[in-house]
Amino acid sequence: MVSADNLDGQIAYYTMEIGIENDVKTYSGGLGVLAGDTIRSFADMGLPAVCVSQVNENGYCKQILEEDGTQVSEEDPWPVEEYCEELDVEVTVPIYGRDVTVTAWQYDVVSEKSGETVPIIYLDTNVESNDPDAQEYTKRLYSPGYGEDHQLAQEIILGIGGTRILDELGYEVDVYHMNEGHAALLTLELLKRNDMDPEAVREQCVFTTHTPVEAGHDQFDWDLVNEVLGEFVPQETLKEYSREQDLHMTYLALNLSRYANSVAKKHQEVSRNMFPGYDIDAITNGVHVPFWVGEDFIDVYDEYTEGWQENPYKLKHASVIPDDDIWEAHQSQKEDLIEYVNEHEGADMDPDVLTIGFARRATAYKRADLLFYNHERLRHIAETVGEFQIIFAGKAFPGDEDGAGNIREIFHNAWELNDAVNVEYIEDYDMDVGGLLTQGVDVWLNNPRRPLEACGTSGMKAAYNGIPQFGTLDGWWVEGHIENETGWKIGPEPEESKPDETPAEEEDRTDAMDLYDQLENTIVPMYYNDREKWIDIMRNTMAFNGPYYHTRRMSREYLEDAYTQ
Ligand SMILES: *Cc1c(COP(=O)(O)O)cnc(C)c1O
């Protein structure tokens, strides 16, 4: 059996963002939370690993919502020195023709289960020896509003700076894992260290792509690259490993990695179409189970699925959990959520009303407003079939006007529907709010436009709390969905949907109609009139999906298929 003994050194896991705990503001969303869950599992498994990321002392974005839902984005600083140890290490990287100093902080992720540690090395350029511009580079995640050259600078620091820092710190790295293309410049540093031999670099690198949209892959103009990075390696060489028209981080990573993967089976298809000729594997994402399960379900699992924290495969035995235990644990977690919403948002929600949750980055393709497609239908269901209430949360990327518009839309719809459906929007979505929501709603709604959701992990968190997902068959839901057993689908089966040939308006209409049909004919009536079947579905989400959608399984796949091959 493959184990960590098959490694000749450390796994160096590079990620621009990581969500390790709520108040360490080095994450923005799914990519970062996944990185955090991965590193937690690496520590549980005692894998020899080190994580490289960026310190972001001013955080990502604190969201303040005005009366009408307009998002005001503020900086979100966190006290780095309270969480991290300052390391006595210093390297330089070339940016705009000068040497920029990079230093580092260490945060130790210690497993409560195994006692093993995986360090996170947070890179920092805010030091006196740097000029004021350079001091800004690592202050904000993705540098909203600072322009592309700042982004490229951050990627130079992560890829090249991170690799030099690991070297200075004495890490013997066996495999460099690029979690998304932001870290791809590390391949250039490795090329230089290996006499520009691409085979030697490929042998050391693996790459995970997370983005099913062409525009989502970082691409930098050659003019910009020349100015910011200069001739770090000859441009001809860069063109050879990227592509002719620009520096494309995904091509660079794909061309200089021995292994590449996507993050769900469906995403594999999409990635292979987007990057023909590359052998892209699929390792479906997961979540760190003990981190996302609410207190009440922890007790239930302890009683019926002993050993589940060390080994989430044991959640198969969730099939024996009695109805009452499931319902009581669920209602207790739901009450915690409703209490929070009522207190923080001045809401008037009721724990006995069917509660639908929707929380994720506010961006057009996630279609947070699909539910409001037809007010009459929604009203009709609420007034004649059964009451329901909806809780939203999510930030728009600062500067994303469409995403910000989505939030205003929801506020506007909520106001128009307020006599029939109670709609609340929780301000400043973060890991704590994400936890509360995925532990406490009755149904997790997820209706992205196909095929734009690479995987999605919030529905997995819900599943571990016995909460069924109601969603379009995209990302992980293609794998985790069994109709009327683990949740419900919205719209066509994957083989029947033709996103390339379907205009967006038509997809919206078809999906919205099916969403209403499902609510009206299945979900709302079942919740109020067939509690036994409802609880069966809750149990299935845990027993069917619980054994699979966790980062322990995922990390094992990375170890076997990526790191030790
Ligand atoms: C889990 C999580 C996400 C990821 O959600 P998706 O379903 O992948 O969109 C994003 N943000 C936070 C705070 C989370 O906890």
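Residues numbered from 1 in each chain as written. Predicted model: local features only at pLDDT ≥ 70, side-chain atom pairs only at ≥ 80, totals over all residues. Heavy atoms only, no water.

- Going by an unreviewed UniProt entry, the protein carries the name Alpha-glucan family phosphorylase and comes from Halapricum salinum.
- Quoted verbatim from the Sequence similarities (unreviewed entry) heading of the UniProt record, the comment on the protein is "Belongs to the glycogen phosphorylase family." (UniProt positions renumbered as here; feature names shortened; annotations may be inferred.)

### Comments concerning the domain arrangement of the protein
Turning to step 1, where the next piece is worked out: Annotation of the protein at the domain level lists domain 1 (4-286 + 553-563) and domain 2 (298-549).
Turning to step 2, where the next piece is worked out: The centre of domain 1, based on its C-alpha atoms, is set 31 Å off from the matching centre of domain 2.
Turning to step 3, where the next piece is worked out: Contact with domain 1, which involves 38 residues of that partner, is made by 34 residues of domain 2.
Turning to step 4, where the next piece is worked out: Summed over both sides, the interface of domain 1 with domain 2 buries roughly 3,100 Å², with 60% coming from carbon and sulfur. (Domains from an automatic or database assignment. Contact = heavy atoms within 4.5 Å. Buried area = accessible area lost by both parts, 1.4 Å probe.)

### Points about the site of the ligand
Turning to step 1, where the next piece is worked out: Contacts to the ligand come from 13 residues, most closely from Lys366, Gly456, Thr457, Ser458 and Lys461.
Turning to step 2, where the next piece is worked out: In this structure, Lys366 approaches the ligand through a side-chain N or O atom, which is 3.0 Å from an oxygen atom.
Turning to step 3, where the next piece is worked out: The protein chains hide 95% of the 390 Å² of surface that the ligand would expose on its own.
Turning to step 4, where the next piece is worked out: Contributions of two or more residues to the shell around the ligand are made by helix H1 (30-45) and helix H17 (458-463).
Turning to step 5, where the next piece is worked out: A class-by-class count of the residues in the shell around the ligand yields four nonpolar, five polar and four charged.
Turning to step 6, where the next piece is worked out: Formed jointly, the shell around the ligand draws a minimum of three residues from each of two domains, domain 1 (4-286 + 553-563) and domain 2 (298-549). (Near = heavy atom within 4 Å. Polar contact = N/O pair within 3.5 Å; in protein donor to acceptor, adjacent residues only side chain to side chain. Areas by Shrake-Rupley, 256 points an atom, 1.4 Å probe, with all protein chains shown as cover. Helix = DSSP H or I, 4+ residues; strand = E, 2+ residues; numbered from the N terminus. Nonpolar A, V, L, I, M, F, W, Y, C, P; charged D, E, K, R; others polar.)

### A look at the packing of aromatic side chains
Turning to step 1, where the next piece is worked out: For the structure on display, the rule yields 23 aromatic pairs.
Turning to step 2, where the next piece is worked out: Ring centres 5.7 Å apart and planes at 40° place the aromatic pair Phe411 and Tyr425 in the tilted group. Of this pair, Phe411 sits in helix H15 (residues 401-416) while Tyr425 sits in strand E17 (residues 422-426), and the two are 14 residues apart along the sequence.
Turning to step 3, where the next piece is worked out: According to the relative accessible area criterion, Phe411 is partly exposed, its value standing at 22%.
Turning to step 4, where the next piece is worked out: Grouped by ring-pair contacts, the aromatic residues Trp327, Trp488, Tyr527, Tyr528 and Trp534 constitute a single cluster.
Turning to step 5, where the next piece is worked out: In this arrangement the basic side chain of Arg40 is found over the ring face of Phe291, its NZ or CZ atom lying 3.7 Å from the centre.
Turning to step 6, where the next piece is worked out: Arg360 extends its terminal NZ or CZ atom over the ring of Phe358, reaching a point 4.5 Å from the ring centre. (Phe/Tyr/Trp six-rings, centres within 6.5 Å; stacked < 30°, edge-to-face > 60°. Buried < 20%, exposed > 50% of the residue type's maximum accessible area, 1.4 Å probe, protein only. Lys NZ or Arg CZ within 6 Å of the ring centre and 35° of its normal.)

### Considering H1
Turning to step 1, where the next piece is worked out: Taking 1.5 Å per residue, 16 residues should reach 22 Å; H1 reaches 22 Å between its end C-alpha atoms and fits that length.
Turning to step 2, where the next piece is worked out: With respect to burial, H1 is a largely interior element, 14 of its 16 residues being buried.
Turning to step 3, where the next piece is worked out: Of the residues trailing H1, Gly46 is marked for its positive phi of about 65°. (Expected span 1.5 Å × (residues − 1).)

### Observations regarding the environment of Trp444
Turning to step 1, where the next piece is worked out: Within the element layout of this structure, Trp444 appears in strand E18 (residues 443-446).
Turning to step 2, where the next piece is worked out: Taking the C-alpha atoms as reference points, Trp444 and Gly487, 43 residues apart in sequence, are found 9.0 Å from one another.

### Looking at the pattern of salt bridges
Turning to step 1, where the next piece is worked out: Evaluation of the coordinates by the stated rule reveals 31 salt bridges.
Turning to step 2, where the next piece is worked out: Across the pair Arg140 and Glu136 runs a salt bridge whose closest N-O atoms are separated by 3.0 Å.
Turning to step 3, where the next piece is worked out: Taking the relative accessible area as the measure of exposure, Arg140 reaches 8% and is therefore buried.
Turning to step 4, where the next piece is worked out: One salt-bridge network, held together by shared partners, links Arg367, Arg449, Arg450, Glu507, Asp508 and Asp511. (Salt bridge = Lys/Arg side-chain N within 4 Å of Asp/Glu carboxyl O.)

### Thoughts on the pairing of strand E13 (residues 259-262)
Every regular strand shows the same layout, with side chains that alternate between the two sheet faces.
Turning to step 1, where the next piece is worked out: Of the two faces of E13, the one carrying Tyr259 and Asn261 and the one carrying Ala260 and Ser262 are both buried.
Turning to step 2, where the next piece is worked out: Where strand E10 (residues 205-208) and E13 come together, three bridges link them in parallel fashion. The residue bridging Thr208 from the neighbouring strand is Asn261, located in E13.
Turning to step 3, where the next piece is worked out: One ladder, built from three bridges, connects E13 with strand E14 (residues 280-282); its direction is parallel. (Pairing = 2+ DSSP bridges.)

### Overview of the sheet that holds strand E16 (residues 388-393)
Pairing between the strands of a sheet is mediated by backbone hydrogen bonds and can be parallel or antiparallel.
Turning to step 1, where the next piece is worked out: What the six strands build is an open sheet, ordered E17-E16-E15-E18-E19-E20; its pairing is parallel. One side of each edge strand has no neighbouring strand; the edge strands of this open sheet are E17 and strand E20 (487-490). With direction set aside, neighbouring strand axes in the sheet form an average angle of 20°.
Turning to step 2, where the next piece is worked out: Two strands pair when backbone bridges link them, and strand E15 (residues 354-359) and E18 are joined in this way by two bridges, in the parallel orientation. Note on E18: the bridge partner recorded for Ile356 is Val443.
Turning to step 3, where the next piece is worked out: The sheet contacts of helix H16 (residues 431-440) involve E15, E16, E17 and E18, and relative to E16 the element is tilted by about 160°. (Axes fitted to C-alpha atoms, helices over the stretch in contact; angles between N-to-C directions.)

### A look at helix H10 (residues 265-274)
Turning to step 1, where the next piece is worked out: Residues of H10 that are buried: Lys266, His267, Gln268, Val270, Ser271 and Met274.
Turning to step 2, where the next piece is worked out: On its buried side, H10 packs onto helix H9 (249-255), E13, E14 and helix H18 (477-480).

### Re the side chain of Gln235
Turning to step 1, where the next piece is worked out: Here Gln235 lies in helix H8 (residues 235-241).
Turning to step 2, where the next piece is worked out: Relative accessible area serves as the criterion here: at 17%, Gln235 is assigned to the buried category.
Turning to step 3, where the next piece is worked out: Engagement of the side chain of Gln235 in a polar contact is seen with the side chain of Asn226, the distance being 2.8 Å.
Turning to step 4, where the next piece is worked out: Once residues within four sequence positions are removed from consideration, Gln235 is found in contact with Trp222 and Asn226.

### Overview of the environment of Asp296
Turning to step 1, where the next piece is worked out: Here Asp296 shows up in helix H12 (residues 295-304).
Turning to step 2, where the next piece is worked out: Take Asp296: its relative accessible area is 22%, and that puts it in the partly exposed class.
Turning to step 3, where the next piece is worked out: Sequence separation between Asp296 and Ala329 is 33 residues; the distance between their C-alpha atoms is 4.9 Å.
Turning to step 4, where the next piece is worked out: Excluding residues within four positions of it along the chain, Asp296 makes contact with Ala329, Ser332, Gln333 and Asp336.

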